[in-house]
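Breakdown of the fold
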Amino acid sequence: MTVTANASQTRPPIQRWLMIWVLALAAVLVMFLLQDRLPWAVNYPVEAVVPVADWVSALMGWIKSNLSWLTRSVTAVLGVPLDFALNLLAKNFKFGHGADAFVLPRLSWVGVCAVAFLAGHAAGGRKLSLLVGGCFLYIALFGQWTSAMLTLALISIAVPFCILTGLFAGIWAWRTPWAERLVVSPALDLMQTIPTFAYLIPMLLLFGNSPVSAMIATAIFATPPMVRATMLGLSRVPSEIDDFSEMAGCTARQKLWRVLLPSARPTLMVGVNQVIMLALNMVIIASMIGAGGLGYDVLLALRALKVGEAMEAGLAIVALAIALDRLSQAIARKQAKGNVHRSGSPGFWRRHPNLTLAIAILAVTTLLGLFVPALATVPKAITFTTAPLWKAAVNWVTINFFDVIEAFRVALILNVLNPVRAFCEGFPWLGAAFLLGLAGYQLSGPRLAVLVAMLTAFCAVTGLWEKTMATVYLCGISAFLACLIGIPVGLMAARSDRFEKIVTPVIDTLQVLPSFCFIIPVVMLFRVGDVTAMIATIAFAVVPAIRYTNHGIRQVPSALIEAAKVSGCTPRQTFFRVQLPLALPEIMLGVNQTILMALAMIIICAMVGTRDLGQEVFIALSKADSGRGIVAGLAIAFIGIVADRLFNAWTAKARARLG
């Protein structure tokens, strides 16, 4: 307490910090004006660039040359369950060769749709049954069945791997605080902030262009939520339960597996839901290195500018995402309520009637498919296509509103995007590292100051400063506009239950849409470029701004609101002087998440012609240049980590100030 009091007494007052910031900004301005005399402070010298990319490429080359036996073994081992899932859902089992080969068909599409209806009913009743089964039926009737099953097969193998890996890593981190602090948390930060494209490059180099590479990349990307959910769930188990298990004589292993983990099951199921959604998102991107499926269909359609085909494949992704998301959420809620089968019931089929019925349906429909082809493969006679309608709609909008769209696009580029881009790309690298370090010192002390300054300097010393600032410019504008839209919408939702009921389905839908699906309609209207990337990023990143603002306002204790009313405050005064200040830390967390989501989307938008770090990763992927791609990916990750650490420190400080 004495140390804290002394620190608070020696801390510079607000006026002194204001003077420090004025002097710091003046120093950076002088640095910029004297760039002819101090060019090294504005643009990092080319001759001083550290060749980290070459070192990484050499390391990856050495691994490929000397550890190829290991990568081949991993590919062979992981290929067995993956091939089984692909054959079971999307292809056929083939035994033998030539004309004498025996072919066992894949699961019947009718059986899979029926099981989807059954799973939805078991997890959430009739409404969920119609939603989940309807999504699978939609995929079948619109001719996307085989591609969707390829995607589902990859997820069905990647997700259990992610869950098991994340569970054990989370248990280890929970049991050993030093490992959580020094190993697990930094690793999770990198895994969640390195762009998805950057995962593909080392996988492509080490494991080749194959579904196994896509599955490994997906597993790496989708594991962190399970690790965090495990640590959070175990830490939230009431101490009384822990004490009771020790009093009952449980060993450490029994206490973990029979008491603590079952008690943390609701939180673990939330982690499972997040793993499924991230895996689905990554599988779409992993189609670029051999995953195939719906993502590959979208990619081909985008490259050929076939808007109808792209929209149909994109909507099939949405249908699959909604079905898996709602089903996993319903199972998590059911687990939280403790709806488990009694272990004393005799017989497997009595203990698991729905599972038994599902297996029977799949077996019967698949066997009947040997004699009735319509059960094995979706008949083309019952499929539909809306591709001509989508193409006609986009053509109609383009023809009738071309002048308006083009005027808006050009005005935005000339008056907003180009000036901000020029300012960011001309900002001195030394000044940026200094200012961010100063912000870190003010918010949390020297440790954070050194961290953010070093991560910022990394982007310069590796020769990526211009690309970094191009990323910051586009991400900053997109995040700013997303917050400008999302925070007012969240405030209105918090003040009106009716408006919240309207907004919630919209943001739920936006949350389950894979990132590819935001690009398709925008690129058809605005063509490729920064405007397209900005609009798609705003739509993708606006959800956390709305959610956190709404939640922050609604979680203000009702006692404080009643006290304000008793004190004579009007509703407007209560909102602006009580609710909004208390909800500000929560709102800033939403801003933090909006920035991170905008950064993730900006990288994917490299596919539509942006010129930033995402383009570096995209080019490296096309050339299989591991060093270039990984270094650019690290630079993107460091941007996200700097923003995350600074906003978290600001939020912690605001929470402490508000008590």
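Here's a quick rundown of the structure.

Conventions we followed
- All chains use their own residue numbering, which begins from 1 and follows the written sequence.
- Side-chain atom pairs in this predicted model are given and counted only at pLDDT of 80 or more, local residue features only at pLDDT of at least 70, and totals for whole chains, interfaces and linings cover all residues.
- Excluded from the side-chain calculations are hydrogens and water; all other atoms, namely the structure's heavy atoms, are used.
- A run of DSSP states H or I qualifies as a helix once it reaches four residues; a run of E qualifies as a strand once it reaches two. Both are numbered from the N-terminal end.
- Note on definitions: a residue-residue contact is assigned when non-hydrogen atoms from the two residues lie within 4.5 Å.
- Think of a nonpolar core as a cluster: buried Ala, Val, Leu, Ile, Met, Phe, Trp, Tyr and Cys residues, connected wherever their side-chain atoms sit within 4.5 Å.
- When accessible area is computed with a 1.4 Å probe and restricted to protein chains, residues below 20% of their type maximum are described as buried, those above 50% as exposed, and intermediate ones as partly exposed.
- Planes of paired rings set the category: under 30 degrees apart is stacked, over 60 is edge-to-face and the rest tilted, where pairs are Phe, Tyr or Trp rings (Trp by its six-membered ring) whose centres lie within 6.5 Å.
- For this analysis, a salt bridge means a side-chain nitrogen from Lys or Arg found within 4 Å of a carboxyl oxygen belonging to Asp or Glu.

What to know about the side chain of threonine 574
In this structure, threonine 574 sits in helix 29 (residues 571–604). If we skip the residues at most four places from it in the chain, threonine 574 touches Ile561, Ala564, Cys569 and Gln579.

Some words on the nonpolar core
One finds Phe136, Trp145, Met149 and Leu200 to be the most contacted residues of the largest nonpolar core, which totals 179 residues. Broken down by element, the residue count for this core peaks at 16 residues, all from helix 17 (residues 307–336). Excluding residues within four positions of it along the chain, tryptophan 145 makes contact with Arg106, Trp109, Val112, Cys113, Phe136, Ile139, Ala140 and Val378. If you look at the next biggest cluster of nonpolar residues, it comprises eight residues, including Ala494, Ile553, Val556 and Ile561.

Focus on the packing of aromatic side chains
If you walk through the whole model with that rule in mind, you get 11 aromatic pairs. Ring geometry for tryptophan 172 and tryptophan 178: centres 6.3 Å apart, planes at 85°, overall edge-to-face. Using a relative accessible area of 39% as the deciding quantity, one classes tryptophan 172 as partly exposed. Relative to phenylalanine 427, the ring of phenylalanine 423 has its centre 5.7 Å away and its plane inclined at 70°; by these criteria the two rings are edge-to-face. Given the relative accessible area of 55%, phenylalanine 423 is considered exposed. The exposure class of phenylalanine 427 is buried, given its relative accessible area of 18%.

Points about the pattern of salt bridges
Close approach of charged atoms allows side chains with opposite charge to pair. Under the defined criterion, the tally for this structure stands at eight salt bridges. Note that aspartate 325 is salt-bridged to arginine 326, the shortest N-O span being 2.5 Å. Residue arginine 326 is classed as partly exposed on the basis of its relative accessible area of 21%. The partner of glutamate 406 in a salt bridge is arginine 409, with the nearest N and O atoms 2.8 Å apart. You can see glutamate 406 and its partner arginine 409 sitting in helix 21 (residues 387–425), three residues apart, about one turn around the helix. Residue arginine 409 is classed as buried on the basis of its relative accessible area, which comes to 15%. Three or more residues are tied together by salt bridges with common partners; here these are Arg421, Glu425 and Asp530.

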